[in-house]
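Structural features, examined
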Amino acid sequence: MSAGRGLRGVRARNESAWLLPLADPDVDTGMRRFGDDDEVDLVIVGCGAGGSTMAQRLARAGWSIVVLEAGPFWEPDRDWVSDEAGSHRLYWTEPRVIDGDDPVPLGSNNSGRGVGGSMVHFAGYTPRFHPSDFHTETLDGVGADWPLRYEDLKPYYEDIEEELPVAGQDWPWGDPHSYPHTPHPVGGNGEAFLRGALACGIEARVGPVAISNGRFGHRRHCIYRGFCLQGCKVDAKASPLITHVPDAIAHGAEIRADSMVTRVAVDPRTGLATGVHYEHGGVEHFQRARNVAVAAYSIETPRLLLNSASPQFPDGLCNDHDLVGRYLMVQGAPQTGGRFEEEVRMYKAPPPEVSSEAFYETDPSKPYKRGYSIQTVSPLPITWAEHIAAQGHWGTELRRRMTDFVHWACLGALCEFLPQPENRVTLDEEKDRRGMPVARFTYSRCGNDRRLMAAAAGTMEEILTAAGASEVMTIERYAHLVGGARMAADERHGVVDADCRTFAVPNLLITDGSVLPTQGSANPALTIMSLAARTAARLGAGARGGLRRPQREPAREPAREPAKES
Ligand SMILES: Cc1cc2nc3c(=O)[nH]c(=O)nc-3n(C[C@H](O)[C@H](O)[C@H](O)COP(=O)(O)OP(=O)(O)OC[C@H]3O[C@@H](n4cnc5c(N)ncnc54)[C@H](O)[C@@H]3O)c2cc1C
Ligand code: SF4
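Small disclaimer: the values here were computed from a predicted structure and weren't measured.

Now for the overall build of the protein. When helices and strands are tallied, the protein shows 14 helices and 19 strands. Taking 566 residues into account, the globule formula puts the C-alpha radius of gyration at 24 Å, and the protein, at 22 Å, falls close to it. Taken along the three principal axes of its C-alpha coordinates, the protein extends 70 × 50 × 45 Å. Of all 566 residues assigned to the protein, the portion counted as buried reaches 55%.

Spelled out as structure tokens, the structure:
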């Protein structure tokens, strides 16, 4: 529940920014430690967007919490480098199998590892979903209706926007709203976008980005050097590592890094989860817990549930209705570069600068349903070389074009690809180094997806040409995996209910992006964190002893106007 708006309100409900810098976790652990045999109130699998938010909220509510995280406990200043090639260990690069008509490359662009999760190297855009996203089936006859409405999530959007905090201009799309921090100045790429959009009559705005603008606790100011996707060394860009983990630890949560969970255990007599099996330092462990929350990202969450099959759940945990792993979504993310006579130097600013949601909603005059958003992306040289190479340029021509890097601007679109049951994660026969079956991700686009992608590419080319580009180059990409254990009104349509509680096991929750039934054309992290905050508020309202009885709606303070902080 919100403790009020403004800086004082944020600090009262989440003190993370004032607890920085974090003590080096390897040297000085002021952190509480639990034993495997301690039956904690909640064990959380994965310390990313969803898992960290749950940990912070429920540690504050007095729950004893252990978060098991497969990757390391990052120390930004020590571990991260201002070097594109040197940042690869931030990504989840364990083996995965991909197939389908349109296989999705996984790795750097699609998931992270370590405390903070994928947000450690996310771009930083933090838009809200639109109210229409919550009932696309009723509204447009595609996708699925959520078992909750935008209004149920709105207060949690407002809370998380303050805690990241989000900077941007007043937002005219979806449910119009303002942001706690004023917009950042824009660089050459943002200027090109604004100029082109104006010439085309397309509305574009600066933001919304999770980069503090001005004073916020002990966070340092953005120095505009463009390494947001490599991990922000100065703590200006938000990730749960700095926005929620410090407060969780201060309230008694243990973050146990380098701990890979391999199975969730369920007592066949009671039907309740009893804890999780995990591997740490090459040794098998079992952490006991009264409740379990899985927040391991859209691929690893279904993989873990499927690998937790038992005589009671022979086809995988919570998979009685063959829904685990299904309806996994990616956003179509075409990327268009435009060459300008003058220097743009797109790397001299954060990649997230300017965006437009003018094409977000279904337009009845178009041959597709739902829509797309457009944002600046500003790839660094290696990613830009991949863009050029994907156009078929190689050898001398690739080198020539790379020496021209400073003259290019670059936009990316996010297209709302539709949820399809055949797009899913299953377990492959191949095993990882622990003997756990690796995830197989099967993905194919539908006709609506293809038409959306083509329309978005056309609009970006139009904008950059109107801004003065003499040449444009578009490549097809994907971004942002969500779904795979979606929420629904009942167990025949989804794996969890509106409170992220699995239908099959009363004390087992899923609190990451896997639960999203649709994805809009907004970047997902803010929605994932807000959903986790709502789930935690509902749990904290009455079920500390376990999720064995129905929950009640927590009382909320009346909404107040957000105060500008800078
Ligand atoms: C390059 C890139 C750019 C992005 N840009 C944006 C953006 O601008 N805006 C936006 O909103 N979103 C962006 N995203 C997406 C966003 O970061 C994710 O959607 C979000 O972090 C997902 O949250 P999550 O809780 O589902 O998983 P994560 O945040 O990925 O957390 C999952 C955690 O679980 C851990 N884990 C996995 N399996 C296990 C296991 N078995 N045991 C223990 N731990 C495990 C992982 O190591 C990871 O730390 C971007 C993502 C990437 C990769
Ligand atoms: S541009 Fe700003 S937010 Fe991005 S990595 Fe650099 S300092 Fe951090």
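Next comes the rest of the description.
Moving on: the UniProt feature "domain: Glucose-methanol-choline oxidoreductase C-terminal" (unreviewed entry) in the protein. Residues annotated in UniProt with the feature "domain: Glucose-methanol-choline oxidoreductase C-terminal" (unreviewed entry) correspond here to residues 419-532. Helix and strand shares over residues 419-532 are 25% and 24% respectively, and the end C-alpha atoms of the span are 21 Å apart.

Our next topic: the site of ligand 1. Close contacts around ligand 1 come from 43 residues, with Gly46, Gly48, Gly117, Asn523 and Ala525 the closest. Elements supplying a minimum of two residues to the shell around ligand 1: helix H3 (49-60), strand S6 (259-266), helix H10 (300-307) and helix H14 (525-540). Classifying every residue of the shell around ligand 1 gives 21 nonpolar, 18 polar and 4 charged.

This part is about H14. Taking 1.5 Å per residue as the helical rise, H14 with its 16 residues ought to reach 22 Å, and the 22 Å between its terminal C-alpha atoms agrees with that figure. Burial within H14 is extensive, with 14 of its 16 residues counted as buried.

All right, on to the packing of helix H7 (residues 188-200) against helix H13 (residues 447-466) then. For any two helices packed against each other, one specifies the crossing angle of their axes together with the interaxial distance. Relative to each other, H7 and H13 sit at 100°, their axes nearing to 7 Å. The angle between the axes of H7 and H13 places the two elements in the roughly perpendicular class. Each of Ala192, Phe193, Gly196, Ala197, Ala199 and Cys200 in H7 lies in contact with H13, whose residues at this interface are Glu462, Ile463, Leu464 and Ala466.

Turning next to unusual backbone geometry. The residue after Leu20, namely Pro21, is reached through a cis peptide bond having omega -5°. Structurally, Pro21 can be placed in the loop between helix H2 (16-19) and strand S1 (42-45). Across the junction of Gly207 and Pro208, the peptide omega takes the value -10°, indicating a cis bond. Looking at the element boundaries, Pro208 is found in the loop between strand S4 (205-206) and helix H8 (240-243). Phi at Tyr224 takes a positive value of approximately 55°, unusual for a residue other than glycine. Following the sequence through the fold, Tyr224 ends up in the loop between S4 and H8. At Arg370, a residue that is not glycine, the phi angle is positive and equals roughly 65°. Here Arg370 shows up in the loop between strand S12 (354-356) and strand S13 (372-376).

Two elements in contact, helix H6 (residues 150-163) and H14, have axes whose closest approach is 8 Å; the angle formed by their N-to-C orientations is 110°. As judged from the angle between their axes, H6 and H14 are roughly perpendicular. Handedness of the crossing formed by H6 with H14: right-handed. Contacts from Asp152, Leu153, Tyr156, Tyr157, Asp159 and Ile160 in H6 reach Leu526, Met529, Ser530, Leu531, Ala533 and Arg534 in H14. Its residues assigned to classes, the contact of H6 with H14 comprises 8 nonpolar, 1 polar and 3 charged.

Our next topic: the sheet that holds strand S2 (residues 65-68). Ordered in space as S5-S2-S1-S9-S19, the 5 strands form an open sheet in which the pairing is parallel. Every other strand in the sheet has two partners, leaving strand S5 (254-256) and strand S19 (508-510) as the edge strands with one partner each. For this sheet the average axis-to-axis angle between neighbouring strands, irrespective of direction, equals 20°. Of the strand pairs in this sheet, S1 and S2 are connected by 4 bridges, and their pairing is parallel. Among the inter-strand pairings, Ile44 is bridged to a residue of S2, identified as Val67.

Its place among the elements puts Ala456 in helix H13. Sequence separation of Ala456 and Gly371 is 85 residues, and the distance between their C-alpha atoms is 8.5 Å. In contact with Ala456, not counting residues within four places along its chain, are Pro334, Tyr372, Ala413 and Cys415.

Across the sheet, which stays open at both edges, the 3 strands sit in the order S3-S16-S15 with mixed pairing between neighbours. Each of the sheet's edge strands pairs with one partner strand only, and the pair in question is strand S3 (97-99) and strand S15 (424-431). Direction aside, neighbouring strands of the sheet carry axes that sit 30° apart on average. In this sheet, strand S16 (residues 437-442) lies alongside S15 in antiparallel orientation, the contact comprising 5 bridges. Residue Val425 lies in a different strand from S16, and its bridge partner there is Phe441. Against the sheet, H10 contacts S15 and S16, and its axis sits at roughly 65° relative to S15.

Below, the discussion takes up the UniProt feature "domain: Glucose-methanol-choline oxidoreductase N-terminal" (unreviewed entry) in the protein. Taken from the UniProt record, the annotation "domain: Glucose-methanol-choline oxidoreductase N-terminal" (unreviewed entry) applies to residues 112-310. Annotated as 25% helix and 15% strand, the span residues 112-310 places its first and last C-alpha atoms 29 Å apart.

Along any regular strand, the residues point their side chains to alternate faces of the sheet. Burial within strand S18 (residues 478-482) is extensive, with 5 of its 5 residues counted as buried. Taken together, the 3 bridges between strand S10 (residues 329-332) and S18 define a ladder with antiparallel strand orientation. Each bridged residue has a counterpart across the sheet, and for Met329 the counterpart in S18 is Val482.

Here Thr511 lies in the loop between S19 and H14. Separated by 172 residues in sequence, Thr511 and Arg339 place their C-alpha atoms 42 Å apart. Thr511 has contacts with Gly50, Gly51, Met54, Ala293, Ala295, Cys500, Ala532 and Thr535, leaving out every residue within four places of it along the chain.

What counts and how
Residues numbered from 1 in each chain as written. Chains lettered and ligands numbered in written order. Predicted model: local features only at pLDDT ≥ 70, side-chain atom pairs only at ≥ 80, totals over all residues. Helix = DSSP H or I, 4+ residues; strand = E, 2+ residues; numbered from the N terminus. Rg over C-alpha atoms; globule rule 2.2 N^0.38 Å. Buried ≥ 20, exposed ≤ 12 C-beta atoms within 10 Å, placed from the backbone. UniProt positions renumbered as here; feature names shortened; annotations may be inferred. Near = placed C-beta within 6 Å. Nonpolar A, V, L, I, M, F, W, Y, C, P; charged D, E, K, R; others polar. Expected span 1.5 Å × (residues − 1). Axes fitted to C-alpha atoms, helices over the stretch in contact; angles between N-to-C directions. Parallel < 35°, antiparallel > 145°, perpendicular 65-115°, else oblique. Contact = placed C-beta atoms within 7 Å. Left-handed = near helix turned anticlockwise from the far one by under 90°. Pairing = 2+ DSSP bridges.

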